[in-house]
Amino acid sequence: ATNQETKSACCEASGGGGSEWISTVGLNEVNHESGNDAGYASFDQVFEPVTLGSSATLYLEPSFALSAYEQRWRVWIDYNEDEVFDLSEMVFQSQSDTAVQGGFSVPLDEQPGIKTMRVIMQLDNGSWPEPCDQTNTGEVEDYQIEFKEP
């Protein structure tokens, strides 16, 4: 369900789509696998609904054309649906040259509905990726996730 023409309503971002890319994004043990999407891809909802007030787990896996290089990962969720990824909406960051996993708490007081989650993986150049970066390394993927009442 790749849809490269219709990008997220949020700011555009892209990676290089060359030597490293996001191969798997998992949320609560449901994995979505993708290939090299030339720097950016937007996917329809592929995960089970997430309950407000619960904890969610992430699994992020890179792939490399040649050798593995250290990557920096960040994940944002546009909870308030204002099409801006605020600093308060960053839910995860990590760095590794292999798969990373972690979790985040979903605020109970957020509104239910379908929200955009942005995953950015970028070559570790000493700085962390920002939600609207256009870089020549790594990849950006947007997902639609439904949040439901407890």
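Before any of the text, the structure's been laid out above.
Calculation rules
Residues numbered from 1 in each chain as written. Predicted model: local features only at pLDDT ≥ 70, side-chain atom pairs only at ≥ 80, totals over all residues. Heavy atoms only, no water. Pairing = 2+ DSSP bridges. Helix = DSSP H or I, 4+ residues; strand = E, 2+ residues; numbered from the N terminus. Axes fitted to C-alpha atoms, helices over the stretch in contact; angles between N-to-C directions. Core = buried A, V, L, I, M, F, W, Y, C linked by side-chain atoms within 4.5 Å. Buried < 20%, exposed > 50% of the residue type's maximum accessible area, 1.4 Å probe, protein only. Contact = heavy atoms within 4.5 Å. Phe/Tyr/Trp six-rings, centres within 6.5 Å; stacked < 30°, edge-to-face > 60°. Lys NZ or Arg CZ within 6 Å of the ring centre and 35° of its normal. Disulfide = S-S within 2.5 Å.

Draft legend 1. A look at the sheet that holds strand β1 (residues 20–27). A sheet is described by the order of its strands in space; here 4 strands give the open sequence β2-β1-β5-β8, paired in antiparallel fashion. Strand pairing shows two members of the sheet lacking a second neighbour, β2 (30–33) and β8 (100–105), which therefore form its edges. The average undirected angle you get between the axes of adjacent strands in this sheet is 25°. Here β1 pairs with strand β5 (residues 55–64) via 7 bridges, running antiparallel. Note on β5: the bridge partner recorded for I22 is P62.

Draft legend 2. Examining the nonpolar core more closely. Counting residues in each nonpolar core, the largest one holds 26 residues, and the members touching the most others are F104, M117 and V119. Listed by contribution, the elements that provide at least two residues to this core are β1, β3 (40–43), β5, β6 (71–77), β7 (90–96), β8, β9 (113–123) and β10 (139–148). Not counting the four nearest positions on each side in its chain, F104 is found in contact with L27, S54, S55, A56, L58, I77, Y79 and V91. Residues C10, A13, I120 and V140 belong to the second largest nonpolar core, which totals 7 residues.

Draft legend 3. The packing of aromatic side chains, seen in detail. Under the definition given, this model contains 4 aromatic pairs. Each ring, one from W76 and one from F85, has its centre 6.5 Å from the other, and the planes form 50°; the classification is tilted. What makes W76 buried here is its relative accessible area of 2%. Of the residues examined, F85 reaches a relative accessible area of 8% and is grouped as buried. Clustering of aromatic rings is evident, with ring pairs tying together F43, F47 and Y143. One cation-aromatic arrangement involves R72 over W128; the distance from NZ or CZ to the ring centre is 4.5 Å.

Draft legend 4. The arrangement of the pairing of β3 in detail. Here β3 shows two buried faces, one formed by Y40 and S42 and the other by A41 and F43. Pairing of β3 with β10, which is carried by 4 bridges, proceeds in the parallel orientation. Across the sheet, A41 pairs through a bridge with E141, a residue of β10.

Draft legend 5. Layout of the state of the cysteines. All told, the structure shown has 1 disulfide when counted by the stated rule. One disulfide bridge connects C11 with C132, the sulfur atoms lying 1.8 Å from each other. Handedness of the C11-C132 disulfide follows from its S-S torsion of about -85°: it is left-handed. Of the two residues, C11 sits in the segment before β1 while C132 sits in the loop between β9 and β10, which places them 121 residues apart along the sequence. On the basis of relative accessibility, which here comes to 39%, the residue C132 falls in the partly exposed class. Free of any disulfide, C10 has its nearest cysteine sulfur in C11, 6.4 Å distant.

Draft legend 6. A look at the side chain of S34. You can see S34 is positioned in the loop between β2 and β3. With relative accessibility at 13%, the residue S34 sits in the buried group. With near-sequence residues (within four places) excluded, S34 lies in contact with I22, S23, F43 and E141.

Draft legend 7. Summary view of unusual backbone geometry. The phi dihedral of N28 falls on the positive side, at around 50°, and the residue is not glycine. Its location among the elements puts N28 in the loop between β1 and β2. Located in the positive-phi region is E29, a residue other than glycine, with phi close to 70°. Its place among the elements puts E29 in the loop between β1 and β2. Judged by its relative accessible area of 78%, E29 is exposed.

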